[in-house]
Amino acid sequence: MPRHATHSHPAYNRGAMTSSDALQELCEAGQEALMRMDYLRAEAALVEAEGLAWSARDWDTLARLYMPLQESRRQRRLRCGEGTVALDLLAEGPEDDLDGRRVVENFPHGQLLVAGWGTIEPARQVRTLQVEQGLFVETFLAAVYPVGAGTAVAIVPTDDVRLPAPSPRQSIDRLVAELPPHSMVVSADELPRGKHPGNTETYARVMDLWERLHLPFLAAADMQADPLKRMEHYRRTIRVDYACELAHQKLSGVARELGRAKRMQNAE
């Protein structure tokens, strides 16, 4: 499986270049990479551009770049869906120390659910390695917990959450109450077993999980009356699901409205 470099172009680090110049070059580089179907490089350039534009409150640039960023991520997910799908990479007990690096060696291309014993660290490692090595592989952030006579898998929205420690006498209700808000909990027995080549059926199953995970965050964003807070919530939705198309589309729309309002204010 070919690796794809995802670092910034050296030109973006030139000291003499203004932030505006760097922003425009990043946008152009992202668009060019997208046209070449170099989706990981396109995403990396556009993510960097989005950060600069957000800091500068450059609404017009943000309105333009969210759609190609959405497309690069949509294509990234499609490529992941063409690989191996394994949704049962679960620790079997407290002594089973899953290694994210080993997971990536075995599954360098595909859609995964990786869950440590009471920890998301193995999944976090997989995500880090995906960026470092430029791979078309994605994983949910998940942890395994003993519940009653079996085990449950908690899928959490972001990697900055605090998880409860596993307890052998824990009930499912107590686990759900102690998990971060909007976490998903499924029985380990409900997950498909084994590895499967990606197809329309596996892709639909994985997409259903992503949608269930991001929908509460998307709904919370829609409820924000203030446009800036709405954009912040849509950006958080993308932290939960990097390829959430609606969040990108709505970000572009709100940025366009803010840019129009800013131009009208300057014209007065």
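Section: the environment of Val126
Then, number 1: Position of Val126 relative to the elements: it lies in helix H5 (residues 121-133).
Then, number 2: On the accessibility criterion, Val126 (1% relative accessible area) is buried.
Then, number 3: A C-alpha to C-alpha distance of 9.5 Å links Val126 and Pro108, two positions 18 residues apart in sequence.
Then, number 4: Here Val126 is in contact with Gly100, Val103, Val104, Val114 and Thr139, once residues within four sequence places are set aside.

Notes on the sheet that holds strand S3 (residues 137-147)
Then, number 1: With mixed pairing, 6 strands are arranged side by side in an open sheet as S5-S4-S3-S2-S1-S6. Of all the strands in the sheet, the pair left with one neighbour each is strand S5 (184-187) and strand S6 (195-197). In this sheet, neighbouring strand axes are inclined to one another by 25° on average, regardless of whether the strands run parallel or antiparallel.
Then, number 2: Where strand S1 (residues 84-90) lies against S6, 3 bridges are found, and the strand directions are antiparallel. Note that in S6 the partner of Ala86 across the bridge is Lys195.

Here we look at the packing of aromatic side chains
Aromatic ring pairs are defined here through the distance separating the ring centres and the angle between the ring planes.
Then, number 1: Scanning the model with the defined rule gives 3 aromatic pairs in all.
Then, number 2: The interplanar angle of 80° and the centroid separation of 6.5 Å between the aromatic rings of Trp210 and Tyr242 together place this pair among those described as edge-to-face. Of this pair, Trp210 sits in helix H7 (residues 200-222) while Tyr242 sits in the loop between helix H8 (227-240) and helix H9 (245-267); the two residues are 32 residues apart in sequence, bridging distant segments of the chain. Per residue, the accessibility class of Trp210 equals that of Tyr242, and both read buried.
Then, number 3: Taken together, the ring pairs in this structure connect Phe140, Trp210 and Tyr242 into an aromatic cluster.
Then, number 4: Over the aromatic face of Tyr242 sits the side chain of Arg77, whose NZ or CZ is 4.7 Å from the ring centroid.

Side note on the nonpolar core
Then, number 1: If you look at the biggest cluster of nonpolar residues, it comprises 45 residues, and the most contacted ones within it are Leu90, Leu112, Leu113, Val114, Phe140, Val153 and Ile155.
Then, number 2: Mapped onto this core, the elements with two or more residues apiece are S1, helix H4 (100-106), strand S2 (110-117), H5, S3, strand S4 (150-156), S5 and H7.
Then, number 3: Counting 25 residues, the second largest nonpolar core, distinct from the first, contains Cys27, Tyr234, Leu251 and Val254.

Looking at helix H3 (residues 59-81)
Then, number 1: Its 23 residues place the ends of H3 33 Å apart at the C-alpha level, agreeing with the 33 Å of an ideal helix rising 1.5 Å per residue.
Then, number 2: At Leu65, H3 is deflected by roughly 30°, the largest bend along its length, and proline Pro68 occurs up to four residues later in sequence.

Things to note about unusual backbone geometry
Then, number 1: Unusually for a residue other than glycine, Arg57 sits at a positive phi of about 50°.
Then, number 2: One can find Arg57 in the loop between helix H2 (39-56) and H3.
Then, number 3: Relative accessible area serves as the criterion here: at 29%, Arg57 is assigned to the partly exposed category.
Then, number 4: The phi dihedral of His182 is positive, around 70°, even though this residue is not glycine.
Then, number 5: Position of His182 among the secondary structure elements: in the loop between helix H6 (172-178) and S5.

Concerning the pattern of salt bridges
Then, number 1: For the structure shown, the criterion picks out 17 salt bridges.
Then, number 2: The closest approach of N and O atoms between Asp241 and Arg77, which form a salt bridge, is 2.9 Å. Of this pair, Asp241 sits in the loop between H8 and H9 while Arg77 is found in helix H3, placing the two residues 164 residues apart along the sequence. When sorted by exposure, Asp241 lands in the same class as Arg77, which is buried.
Then, number 3: Between Asp88 and Arg193 there is a salt bridge; the shortest N-O distance is 3.9 Å. Here Asp88, found in strand S1, pairs with Arg193, found in the loop between S5 and S6; they are 105 residues apart in sequence, far enough to count as distant.
Then, number 4: A relative accessible area of 52% means that Arg193 is categorised as exposed.
Then, number 5: Residues participating in the shared-partner salt-bridge network are Arg36, Asp38 and Arg41.

The rules we used
Residues numbered from 1 in each chain as written. Predicted model: local features only at pLDDT ≥ 70, side-chain atom pairs only at ≥ 80, totals over all residues. Heavy atoms only, no water. Helix = DSSP H or I, 4+ residues; strand = E, 2+ residues; numbered from the N terminus. Buried < 20%, exposed > 50% of the residue type's maximum accessible area, 1.4 Å probe, protein only. Contact = heavy atoms within 4.5 Å. Pairing = 2+ DSSP bridges. Axes fitted to C-alpha atoms, helices over the stretch in contact; angles between N-to-C directions. Phe/Tyr/Trp six-rings, centres within 6.5 Å; stacked < 30°, edge-to-face > 60°. Lys NZ or Arg CZ within 6 Å of the ring centre and 35° of its normal. Core = buried A, V, L, I, M, F, W, Y, C linked by side-chain atoms within 4.5 Å. Expected span 1.5 Å × (residues − 1). Bend = angle between axes of the 7 residues up to and from the residue. Salt bridge = Lys/Arg side-chain N within 4 Å of Asp/Glu carboxyl O.

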